[in-house]
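# Descriptive analysis of the structure
Here's the letter readout for the chains.
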Amino acid sequence: MRGITGEVVKFGIVGLSGVVVNFAVFWVCINGMGLASVRSNIVATVIAIATNYLGYRYWLYRDRDAASRKREITLFLVYSGIGMLIETGVLGFSVYVLDLRSHYEQIGAKVIGLAVATVFRFVSYRTWVFKAVPEEPVELPAQQTAAATSGQELAAQAELMLAAERIRFAQAE
């Protein structure tokens, strides 16, 4: 749990910068450019997604497996797009179903949609996009190998070896 706390804080910092970009662009689009709220949300979210990727890849998840950047970017865009659909869906529902049309009501709906989408994005990015690289198995000297025969230790070593093989297999593809 200790490791995830720091990760959540860093995710929040990158996410907060994305929220600032998202809301600033959204506000400019609905007030300065006169775009509809749903279109404004899409433009703002796409720009925030681009800035967030840079923060996640090069600051928060810089130590994660980057062997397949094409796969990573594709998954990031897919899960970010789903998050955008969640956020835009809540906003669209509030505007077109609940008839909440003032700019402040739209921002309130955007906040709710963004909160739900953020939880989805955190789980998705952490689990599928920026995968942790498992540690390489440690070779034990012959004397220690004979002593390390408990079932739990053997199972742990086998899991590490399988994880390393999966990484090598994925990199070969």
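Residues numbered from 1 in each chain as written. Predicted model: local features only at pLDDT ≥ 70, side-chain atom pairs only at ≥ 80, totals over all residues. Heavy atoms only, no water.

### Observations regarding the overall build of the protein
Each helix and strand in the protein was counted, giving six helices and zero strands. Reading the protein from its N terminus to its C terminus gives the helix and strand order α-α-α-α-α-α. The buried share of the protein, taken over its 173 residues, is 32%. Long-range contacts, defined here as pairs at least 24 residues apart, represent 73% of the contacts in the protein between residues at least 6 apart. About 10,700 Å² of surface is accessible on the protein, with carbon and sulfur atoms providing 67% of the total. (Helix = DSSP H or I, 4+ residues; strand = E, 2+ residues; numbered from the N terminus. Buried < 20%, exposed > 50% of the residue type's maximum accessible area, 1.4 Å probe, protein only. Contact = heavy atoms within 4.5 Å. Areas by Shrake-Rupley, 256 points an atom, 1.4 Å probe, with all protein chains shown as cover.)

### Let's talk about the packing of helix H3 (residues 69-97) against helix H4 (residues 103-129)
Two numbers describe how H3 lies on H4: the axes approach to 8 Å, and their chain directions differ by 155°. With respect to H4, the axis of H3 lies roughly antiparallel. As for the relative orientation of H3 and H4, their crossing is right-handed in sense. In the contact of H3 with H4, the residues fall into 18 nonpolar, six polar and five charged. (Axes fitted to C-alpha atoms, helices over the stretch in contact; angles between N-to-C directions. Parallel < 35°, antiparallel > 145°, perpendicular 65-115°, else oblique. Left-handed = near helix turned anticlockwise from the far one by under 90°. Nonpolar A, V, L, I, M, F, W, Y, C, P; charged D, E, K, R; others polar.)

### Some words on the side chain of Asn22
Tracing the chain through its elements places Asn22 in helix H1 (residues 2-32). Not counting chain neighbours up to four residues away, the residues in contact with Asn22 comprise Asn41, Ala44, Thr45, Ala48, Glu87, Lys110 and Leu114.

### Considerations on the packing of aromatic side chains
Applying the stated criterion across every chain, the model contains 14 aromatic pairs. For the pair Trp27 and Tyr104, a centre-to-centre distance of 6.0 Å together with 45° between the ring planes defines the contact as tilted. Of this pair, Trp27 sits in helix H1 while Tyr104 sits in helix H4, and the two are 77 residues apart along the sequence. When its relative accessible area of 66% is taken as the criterion, Tyr104 is described as exposed. Counting every residue linked through ring pairs, the aromatic cluster contains Phe11, Tyr53, Tyr56, Phe76, Phe122, Tyr125 and Phe130. In this structure, Lys110 is placed above the aromatic ring of Phe23, and the distance from its NZ or CZ to the ring centre is 5.4 Å. A cation over a ring is seen here: Lys110 above Phe26, with NZ or CZ 5.0 Å from the ring centre. (Phe/Tyr/Trp six-rings, centres within 6.5 Å; stacked < 30°, edge-to-face > 60°. Lys NZ or Arg CZ within 6 Å of the ring centre and 35° of its normal.)

### What to know about the pattern of salt bridges
Applying the stated rule across the entire model yields four salt bridges. Notably, a salt bridge pairs Arg101 with Asp99, separated by 2.6 Å at the nearest N-O pair. Residue Arg101 is classed as partly exposed on the basis of its relative accessible area of 45%. (Salt bridge = Lys/Arg side-chain N within 4 Å of Asp/Glu carboxyl O.)

### As for H4
With 27 residues, H4 ought to run about 39 Å at 1.5 Å a step, yet its terminal C-alpha atoms sit only 34 Å apart, falling short of that. Looking only at H4, the buried set comprises Gln106, Ala109, Lys110, Gly113, Leu114, Ala117, Arg121, Phe122, Ser124, Tyr125 and Val129. (Expected span 1.5 Å × (residues − 1).)

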